[in-house]
2 protein chains.
Amino acid sequence: MNNDTVTTEVLFIKMVLDAWQTQNTRVNDLLGKISDEQLKQETAPGRNTGFYLFGHLAAVNDRLFTLLGIGERLHPELDSPFLDHPDKSGQQMPNVDDVKKYWNEINAALNEKFKAMQPNEWFEKHASVAAEDFAKEPQRNRLNVMITRTVHQGYHLGQMNYLKSK
Amino acid sequence: MNNDTVTTEVLFIKMVLDAWQTQNTRVNDLLGKISDEQLKQETAPGRNTGFYLFGHLAAVNDRLFTLLGIGERLHPELDSPFLDHPDKSGQQMPNVDDVKKYWNEINAALNEKFKAMQPNEWFEKHASVAAEDFAKEPQRNRLNVMITRTVHQGYHLGQMNYLKSK
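A. Region of the structure containing the packing of aromatic side chains. If you walk through the whole model with that rule in mind, you get 13 aromatic pairs over all chains. Relative to F82(B), the ring of Y52(B) lies with its centre 6.0 Å away and its plane at 55°, an arrangement referred to as tilted. You can see Y52(B) sitting in helix 3 (residues 50-62) and its partner F82(B) sitting in helix 5 (residues 79-84), a full 30 residues away along the chain. There is no split in this pair, since Y52(B) and F82(B) are both buried. The rings of F12(A), F123(A), F12(B) and F123(B) are connected pair by pair, giving a single aromatic cluster.

As structure tokens, then:
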């Protein structure tokens, strides 16, 4: 692999991680503008609450550690209330302050891991794809996970922004 | 630029364009599931209608021709009702069938243009960035536009999906 290739890879990685970071920042901006009570409201009548969606995004980010194979996840206890069960299903919910703290911890730890990664590591396969499939579909790499997760964050942020006053 | 670099570029372009195409497909899936009357409903009380968001996505995709510098846009008349003015502001609105037809035309024509592009063209600057800024920030290339537009589509799709029955 020559220098041109490394430069191109570094540029791609920056493009994707910047996009992911932008979505995290937008979630933080929203949290700075609404109260915890507002966050707990439904984003539209009968739809998920903002808190459920926020916890869901925190859980999905936390699962990146294992999905990317870069470490142990920090808060697997987020899965039961925010991933394995739908909103308002009677699960024991953590309190908002704790989830905000976890969200910040998870994203800070992910950013540390990302900084330590070599460019070529982003183009290796992620944990949910078999080696033989990856040989045929090399786009199923770790960086691609970050693209799909970034779009996923944007998707729910569009809904969470309905919590803001008109 | 050697073969390794080209291979990496081709792979990355595929990752990004696949993600963009997935969002277009999801919009189409939604349109296949709801009536025009449902599409015209507000996505949440007092929020944008599904039709406004759909026309907005069509207009934004149409603007890719000029933003990427790959041709003339097809339906600039979408801007006034769906970009320059907010929803429910008394603008003359096209009918739903026409916007669906435009959406398909725009996306088909974009895909044709994309197929004809050489990998390195995706890493050139887009029309909204000055040459001197691009020299310092090479991530502001055409492919990066596709990343941000893909997230933007996901954002509004999250809202449009509230049109579906619970």
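B. The pattern of salt bridges, seen in detail. Residues and elements named next belong to chain A. Summed over all chains, the structure comprises 18 salt bridges over all chains. Between R142 and E124 there is a salt bridge whose closest N-O contact spans 3.2 Å. Separated by 18 residues along the polypeptide, R142 in helix 8 (residues 142-160) and E124 in the loop between helix 6 (96-116) and helix 7 (131-136) bring together distant segments of the chain.

C. Looking closely at helix 6 (residues 96-116) of chain B. Residues and elements named next belong to chain B. In a regular helix each residue adds 1.5 Å, so 21 residues correspond to 30 Å; helix 6 covers 31 Å between its end C-alpha atoms and thus fits that length. Residues of helix 6 that are buried: V96, V99, K100, Y102, W103, I106, N107, L110 and F114. Considered in projection along helix 6, the buried side chains sweep an arc of 160° and stay on one side of the axis. Of the exposed residues in helix 6, those oriented more than 90 degrees away from the buried face are D97, K115 and A116. At the N-terminal end of helix 6, a side-chain oxygen is found 3.2 Å from the backbone nitrogen of D97, two or three residues along, and the residue is N95.

Criteria and thresholds
- Residues numbered from 1 in each chain as written.
- Chains lettered and ligands numbered in written order.
- Predicted model: local features only at pLDDT ≥ 70, side-chain atom pairs only at ≥ 80, totals over all residues.
- Heavy atoms only, no water.
- Phe/Tyr/Trp six-rings, centres within 6.5 Å; stacked < 30°, edge-to-face > 60°.
- Helix = DSSP H or I, 4+ residues; strand = E, 2+ residues; numbered from the N terminus.
- Buried < 20%, exposed > 50% of the residue type's maximum accessible area, 1.4 Å probe, protein only.
- Salt bridge = Lys/Arg side-chain N within 4 Å of Asp/Glu carboxyl O.
- Expected span 1.5 Å × (residues − 1).
- Arc of directions from axis to C-beta.
- Polar contact = N/O pair within 3.5 Å; in protein donor to acceptor, adjacent residues only side chain to side chain.

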